[in-house]
Amino acid sequence: MKQSIAAKLAQLTLRLEELNGLLSAEGVTANLDTYRKLSREHAEIEPVVELYKSYRKGEGDIAAAEEMAADPSMREFAEAEIKETRERLGELEKRLQTELLPKDPNDERNIFLEIRAGTGGDESALFSADLFRMYTRYAERKKWQVEIMSQSQSELGGYKEIIARIAGQGAYSKLKFESGGHRVQRVPATETQGRIHTSACTVAVLPEVDAVADVVLNPAEMRIDTFRASGAGGQHINKTDSAIRITHLPTGIVVECQDDRSQHKNKARALAVLAARIKDQQVREQNQKTAAERKSLIGSGDRSERIRTYNFPQGRVTDHRINLTLYKIAAIMDGDLDELTGALAAEHQAEQLAALGEETQAA
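Here the structure is a predicted model, which means the values were calculated and not measured.

### Things to note about the overall build of the protein
Summing up its helical and strand segments, the protein has nine helices and eleven strands in all. In the protein, which comprises 363 residues, the proportion classed as buried is 38%. Pairs at least 24 residues apart make up 61% of the contacts formed inside the protein by residues separated by at least 6 positions. Carbon and sulfur atoms provide 49% of the accessible area of the protein, an area that totals close to 20300 Å².

What follows is the structure in structure tokens.
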């Protein structure tokens, strides 16, 4: 095992002992927030330390077997023991490296899902609706909650834009690689001559942020306009100026929300989406500044980047970042996304492991 990795594991072992002392102290539950934070850290560290203890025990077993091998009558047994233990240590080392990979602090957060029609006119808007249904069905499979925050419908029933909040454990960890350009190839319902058209939509997945802790929204930097809501929603929706448009002046980000009768609720929703977009922009700018030469296998996350193609005539879905093609388009459009999301997560982890290996070599 590389010295730098062993040093990290030794630090975690000491930290676990410290946490055991803190959690067993009298009055530790007096501050529930602190208690939950310590308990969460303990739960994350303990499995890693247990693996490390198994690794250290294996090293001790090899040392004992090497001493035993000095006895000619025990040499064959000892050499077999050494070989078996070294193989086990190799597997343990791989698992430990995986456990040491940096955790995304947003993985357990809820998300804002934004889908916008791109090139392709009405067909693109219809595909936006298909994508929204796909993610909604996936959320149902995960028992997550979906709440539409804002929508702009097209004349044929699709969406020019739709923003939804998806709440559930691990929502961001499962869907964070969905951001980017999604392309569809199929014969539109409006096509009379049976020709295949290509259209595109963009998807953005933003982790929901704690507006107070993560993003400071200065009222002086926001312009808030009210207007009468338009579109479907019944006669009541047009009688009052309940719709809200917030413009964040420093960044130029604009958020509209008009789906609720209450102006206050629309404002709260718009502020939540605005905070998520500002945080997303800050993170992307920081990533650009600190980006390593190695480009992530799952792409830059740029909104314009084409990440996936849905080819209906051939019944296939291709994710271009990892060159994965699945011939199960009906199941995928019905929300069966686990194979796609799992493959993307595995590739990302492989890239992280490669980067970790380079860091330890440099160290």
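### Details of the nonpolar core
What tends to happen in soluble globular proteins is that the nonpolar side chains get buried as a cluster. Among the nonpolar cores identified, the biggest contains 31 residues, and Leu-113, Ile-115, Leu-131, Met-134, Tyr-135, Leu-175 and Tyr-310 are the most heavily contacted of them. Within the residue set of this core, elements represented by two or more residues are β1 (111-117), α4 (121-141), β3 (159-167), α5 (171-175), β5 (197-207) and α8 (329-333). Top contributing element to this core by residue count: α4, with eight residues. Apart from the residues lying within four places of it in its own chain, the contact partners of Ile-115 are Ser-128, Leu-131, Phe-132, Tyr-135, Lys-160, Glu-161, Ile-162, Thr-202 and Val-203.

### Topic: the pattern of salt bridges
Counted by the stated rule, this structure contains 30 salt bridges. One salt bridge in this structure joins Lys-176 and Asp-104, with 3.2 Å as the shortest N-O distance. One end of the pair, Lys-176, is in the loop between α5 and β4 (180-186); the other, Asp-104, is in the loop between α3 (75-99) and β1, and 72 residues separate them in sequence. The exposure class assigned to Asp-104 is partly exposed, which follows from its relative accessible area of 25%. Here Arg-223 and Asp-225 are joined by a salt bridge, their closest N and O atoms 3.5 Å apart. Relative accessible area serves as the criterion here: at 43%, Arg-223 is assigned to the partly exposed category.

### Things to note about helix α2 (residues 32-68)
One turn of an α-helix holds 3.6 residues; hence residues three or four places apart share an orientation. With 37 residues, α2 extends 53 Å from end C-alpha to end C-alpha; this agrees with the ideal 54 Å at 1.5 Å per step. Its maximal kink placed at Ile-45, α2 deviates by approximately 30°, while the proline Pro-47 follows within four residues. Listed as buried for α2 are Leu-38, His-42, Ile-45, Val-48, Val-49, Leu-51, Tyr-52, Tyr-55, Gly-58, Ile-62 and Ala-65. Close packing links the buried residues of α2 with α1 (3-23) and α3. Taking the backbone nitrogen of Asp-33 as reference, a side-chain oxygen 3.2 Å away marks Asn-31 as the first, capping residue of α2.

### Observations regarding the sheet that holds β4
The mixed open sheet is built from eight strands, whose spatial order is β2-β3-β1-β5-β4-β9-β10-β11. The open sheet has two edge strands with one neighbour each: β2 (145-153) and β11 (324-326). Within the sheet, the average angular offset between the axes of one strand and its neighbour, ignoring direction, is 15°. With eight bridges joining them, β2 and β3 adopt antiparallel strand pairing. Its bridge partner being in β3, Ser-150 is matched across the sheet by Ile-163.

### What about the pairing of β5?
As defined by bridge partners, β1 adjoins β5 across seven bridges and the pair is classed as antiparallel. Looking at the pairing, Glu-114 lines up with Ala-204 of β5.

What counts, and where the lines are drawn
- Residues numbered from 1 in each chain as written.
- Predicted model: local features only at pLDDT ≥ 70, side-chain atom pairs only at ≥ 80, totals over all residues.
- Heavy atoms only, no water.
- Helix = DSSP H or I, 4+ residues; strand = E, 2+ residues; numbered from the N terminus.
- Buried < 20%, exposed > 50% of the residue type's maximum accessible area, 1.4 Å probe, protein only.
- Contact = heavy atoms within 4.5 Å.
- Areas by Shrake-Rupley, 256 points an atom, 1.4 Å probe, with all protein chains shown as cover.
- Core = buried A, V, L, I, M, F, W, Y, C linked by side-chain atoms within 4.5 Å.
- Salt bridge = Lys/Arg side-chain N within 4 Å of Asp/Glu carboxyl O.
- Expected span 1.5 Å × (residues − 1).
- Bend = angle between axes of the 7 residues up to and from the residue.
- Polar contact = N/O pair within 3.5 Å; in protein donor to acceptor, adjacent residues only side chain to side chain.
- Pairing = 2+ DSSP bridges.
- Axes fitted to C-alpha atoms, helices over the stretch in contact; angles between N-to-C directions.

Purely spatial values, then, with no claim about function.
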